[in-house]
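Per-entry structural report
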Amino acid sequence: MTHFEAMEALGQVTIYDVLEKDEKDQPTYIVGDKVHVAITPESDYEAYTYLEAYCPIVLKKPGEIEEILPKNQYRVNFAGQVQIMRAHELTF
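The structure presented is a predicted model; accordingly, all values stated were derived computationally and were not measured.

Moving on to the overall build of the chain. When helices and strands are counted, the chain shows four helices and five strands. Seen in sequence order, the chain has helices and strands lined up from the N terminus as α-α-β-α-α-β-β-β-β. Within the chain, the fraction of its 92 residues that count as buried is 23%. Residue pairs at least 24 apart in sequence account for 48% of intrachain contacts in the chain once pairs closer than 6 positions are excluded. In the form shown here, the chain has an accessible surface area of approximately 6,700 Å², with 55% of it arising from carbon and sulfur atoms.

For the structure on display, the rule yields two salt bridges. The closest approach of N and O atoms between R75 and E67, which form a salt bridge, is 2.9 Å. By relative accessible area, R75 is classed as partly exposed at 26%. E67 sits in the partly exposed class, given a relative accessible area of 35%.

Relative to the helices and strands, D33 is located in the loop between α2 (15-25) and β1 (34-37). Buried charge without a partner: D33 forms no salt bridge, and the closest opposite charge is K34, 9.3 Å away. Among the polar contacts listed, one links the side chain of D33 to the backbone nitrogen of I30, at a separation of 3.0 Å. Beyond its immediate chain neighbours, meaning those up to four positions away, D33 contacts G63, E64, I65 and F92.

Right, let's talk about the pairing of strand β3 (residues 73-78) for a bit. The side-chain alternation of β3 yields one buried face, formed by Y74, V76 and F78, and one unburied face, formed by Q73, R75 and N77. Linking strand β2 (residues 63-69) to β3, which pair antiparallel, is a turn of three residues; within it K71 sits at a positive phi near 60°. Pairing of β3 with strand β4 (residues 81-86) involves six bridges; the strand directions are antiparallel. Considered in β4, the bridge of Y74 is made with M85.

What follows concerns the nonpolar core. Ranked by size, the top nonpolar core spans 15 residues in total, and within it V76 and L90 carry the most contacts. Looking at this core, the elements that each hand over two or more residues are β1, α3 (45-54) and β3. Ranked by residue count, the leading element in this core is β3, at three residues. For L90, the contacting residues outside a window of four places in its chain are Y29, V35, H36, A38, I65, Y74, V76, F78 and M85.

Our next topic: the packing of aromatic side chains. Counted according to the given criterion, the structure contains one aromatic pair. Here Y50 and Y54 contribute two aromatic rings whose centre-to-centre distance is 5.1 Å and whose plane-to-plane angle is 40°, an arrangement assigned as tilted. With Y50 and Y54 both in helix α3 and four residues apart, this pair spans about one turn of that helix. In this structure Y54 comes out as exposed when scored by relative accessible area, which is 61%.

Cut-off values and rules
Residues numbered from 1 in each chain as written. Predicted model: local features only at pLDDT ≥ 70, side-chain atom pairs only at ≥ 80, totals over all residues. Heavy atoms only, no water. Helix = DSSP H or I, 4+ residues; strand = E, 2+ residues; numbered from the N terminus. Buried < 20%, exposed > 50% of the residue type's maximum accessible area, 1.4 Å probe, protein only. Contact = heavy atoms within 4.5 Å. Areas by Shrake-Rupley, 256 points an atom, 1.4 Å probe, with all protein chains shown as cover. Salt bridge = Lys/Arg side-chain N within 4 Å of Asp/Glu carboxyl O. Lys, Arg positive; Asp, Glu negative; His and termini not counted. Polar contact = N/O pair within 3.5 Å; in protein donor to acceptor, adjacent residues only side chain to side chain. Pairing = 2+ DSSP bridges. Core = buried A, V, L, I, M, F, W, Y, C linked by side-chain atoms within 4.5 Å. Phe/Tyr/Trp six-rings, centres within 6.5 Å; stacked < 30°, edge-to-face > 60°.

Structure representation (structure tokens):
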């Protein structure tokens, strides 16, 4: 029995198990969907401050999904400003 088989037998999970579980729980968007940024100062202060300082249009305008990327990421066009966003950062 290998080390990994022994750990699996004990019920230990890997980081890949956690990531796969999280990706299944996220909403799925398709190309052309209209979305808004779901980031608020309360949910993620650092990300919100960054967007407010460097990409304020992203917080104010709706975006459109242009491309679906690996790892539950999306290329979103916010009135000409293209950003790569994760699924949990977006909402309809």
